Amino acid sequence: MVRPAQIKLDPRTHVMVLTGAGVSAESGIPTFRGSAGLWEEHRVEDVASPAGFLRDPALVWRFYSERRAAAKDVRPNAGHAALAALEEQLGDRFLLATQNIDGLHQAAGSRRVIEMHGSLWKTRCSRCDRPAFDDRDSYTAQNLPGCAQCDARGDFALLRPHIVWFGEALASEDLARIDAFLRPGAGTRLVFVSCGTSGMVQPAAGIARVARSRGAETWLVNLESPDNAGDFEHTVMGKSGELLPQLFAVTG
Ligand code: OAD
């Protein structure tokens, strides 16, 4: 019998995990690319860009409303649970950066989570700087939501999904937190794991290379070979729900 690959974690090891849509696939949420992927039916720039929202806000809200409806009753899988359990053991020596907007890591119990691309469950104003707020509603052309705060000032602005779209910058505090975690200081060992992502979208795809340049051991856990496969020293191919539960061995 072939022994499964394991990452041995001693008390000086810090672990950062980057996840993508593949981690939620076994929960029943379709990935973005590939056969039956979400982008197969839509042009990315129509539904996930500021220009797409300006052109057709109803289409964009329909897309994200469908995502909300599809993700509403979805449960985290064994991969999400394994990462939450790892955080439980490592505490502040663990950080999870996810490109997923579905909230399943938090539903599994993860707390040290950076939602790099925003959250499906939040809405914000497309114009004013009122903070994003919790929202699970669906919108169509018939009930496109306007901002009450702008309305009170006599302005009109549409509300929009709290998603980082193509062409938009990620939150600088999120990037700073990732950067700080990848500088853990002398005497520590850094491990970086990328799981369930095609490595096609920056800046997430570039974190592996940054981690490696800072001396991290880099691990890839994925169903298929991603675009940035060359940035990893160790590769484990397969499904995250099957691999993550046995990947980490905490010692000491
Ligand atoms: P993709 O759909 O591009 O890639 C999903 C990856 O997961 C592929 O490499 C699959 O091989 C792999 N995969 C599928 N099922 C898996 C499983 N059960 N276990 C492990 N791996 C599996 O999704 P992302 O890389 O997350 O951004 O896409 C990145 C970003 O592109 C998304 O966050 C989204 C999209 O544009 C925004 O919408 C802002």
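Chemist: Help me understand the pairing of strand 9 (residues 217-222), please; the structure alone is not making it clear to me.
Modeler: Consecutive residues of a regular strand have side chains that alternate between opposite faces of the sheet. Extensive coverage of strand 9 is indicated by the burial of 5 of its 6 residues. Pairing analysis gives 5 bridges linking strand 8 (residues 189-195) to strand 9, with the strands arranged parallel. In the strand pairing of strand 9, Val 193 is matched with Trp 219. For the segment spanning strand 8, helix 10 (residues 207-213) and strand 9, crossover handedness is right-handed. Bridge analysis of strand 9 against strand 10 (residues 234-237) gives 4 bridges, and the strand direction is parallel. Residue pairing across strands places Val 221 opposite Val 236, the latter belonging to strand 10.

Chemist: What am I meant to see in the packing of aromatic side chains here?
Modeler: Geometry of an aromatic ring pair is reported as the spacing of the ring centres plus the angle between the planes. Throughout the structure, instances matching the rule amount to 4 aromatic pairs. Relative to Trp 165, the ring of Phe 53 lies with its centre 5.5 Å away and its plane at 40°, an arrangement referred to as tilted. Residue Phe 53 is found in helix 4 (residues 50-55), and its partner Trp 165 is found in the loop between strand 7 (159-163) and helix 9 (172-181); the two are separated by 112 residues along the sequence. A connected cluster of aromatic rings, assembled from ring pairs, spans Phe 53, Phe 63, Tyr 64 and Trp 165.

Chemist: Where do I start with the side chain of Asn 222 in this structure?
Modeler: Tracing the chain through its elements places Asn 222 in strand 9. Among the residues examined, Asn 222 registers a relative accessible area of 8% and is labelled buried. Reaching out from Asn 222, the side chain makes a polar contact with the backbone nitrogen of Thr 197 at a distance of 3.0 Å. Setting aside residues no more than four positions away along its own chain, Asn 222 makes contact with Cys 195, Gly 196, Thr 197, Val 236, Met 237 and Gly 238.

Chemist: So what exactly am I meant to see when it comes to the sheet that holds strand 10 here?
Modeler: Whether parallel or antiparallel, the strands of a sheet pair through hydrogen bonds between backbone atoms. Read from one edge of the open sheet, 6 strands run 4-3-2-8-9-10, paired in parallel fashion. Lying at the two open borders of the sheet, with one neighbouring strand each, are strand 4 (113-115) and strand 10. Pairwise comparison of adjacent strand axes, ignoring direction, gives a mean angle of 15° for this sheet.

Chemist: Can you walk me through the sheet that holds strand 7 in this structure?
Modeler: Taken in spatial order, the 3 strands line up as 6-5-7 in an open sheet, and their pairing is antiparallel. Lying at the two open borders of the sheet, with one neighbouring strand each, are strand 6 (133-134) and strand 7. Bridge analysis of strand 5 (residues 118-125) against strand 7 gives 5 bridges, and the strand direction is antiparallel. Paired with Ser 119 across the strands is His 162, a residue of strand 7. Most of the contacts of helix 5 (residues 57-71) go to strand 5, to which it runs at about 140°, and overall it touches strand 5 and strand 7.

Chemist: Could you clarify how one ought to interpret the site of the ligand in this entry?
Modeler: Close to the ligand lie 23 residues, the nearest being Ala 21, Arg 33, Thr 197, Ser 198 and Glu 224. Taking His 117, its side chain carries an N or O atom lying 2.8 Å from an oxygen atom of the ligand. Within the backbone of Ser 240, one N or O atom sits 2.8 Å away from a nitrogen atom of the ligand. Out of a free accessible area of 800 Å², the ligand has 94% covered by protein chains.

Chemist: Would you explain helix 5 in this entry?
Modeler: Each full turn of the α-helix corresponds to 3.6 residues, which orients residues three or four apart in the same direction. Here helix 5 spans 21 Å end to end across 15 residues, near enough to the 21 Å set by a 1.5 Å rise per residue. Of all the positions in helix 5, only Pro 57, Ala 58, Val 60, Trp 61, Phe 63, Tyr 64, Ser 65, Arg 67, Arg 68 and Ala 71 are classed as buried. As for helix 5, its buried residues are in contact with helix 2 (38-41), helix 3 (44-47), helix 4, strand 5 and strand 7.

Chemist: Explain helix 6 (residues 78-90) here, please?
Modeler: Here helix 6 spans 18 Å end to end across 13 residues, near enough to the 18 Å set by a 1.5 Å rise per residue. Taken together, the buried positions of helix 6 are Gly 79, His 80, Ala 82, Leu 83, Ala 84, Leu 86, Glu 87 and Leu 90. Where helix 6 ends, the next residue or the one after it, Gly 91, has phi of about 60°, a positive value.

Conventions used here
- Residues numbered from 1 in each chain as written.
- Predicted model: local features only at pLDDT ≥ 70, side-chain atom pairs only at ≥ 80, totals over all residues.
- Heavy atoms only, no water.
- Buried < 20%, exposed > 50% of the residue type's maximum accessible area, 1.4 Å probe, protein only.
- Helix = DSSP H or I, 4+ residues; strand = E, 2+ residues; numbered from the N terminus.
- Pairing = 2+ DSSP bridges.
- Right-handed = clockwise from strand over helix to strand, strands pointing away.
- Phe/Tyr/Trp six-rings, centres within 6.5 Å; stacked < 30°, edge-to-face > 60°.
- Polar contact = N/O pair within 3.5 Å; in protein donor to acceptor, adjacent residues only side chain to side chain.
- Contact = heavy atoms within 4.5 Å.
- Axes fitted to C-alpha atoms, helices over the stretch in contact; angles between N-to-C directions.
- Near = heavy atom within 4 Å.
- Areas by Shrake-Rupley, 256 points an atom, 1.4 Å probe, with all protein chains shown as cover.
- Expected span 1.5 Å × (residues − 1).

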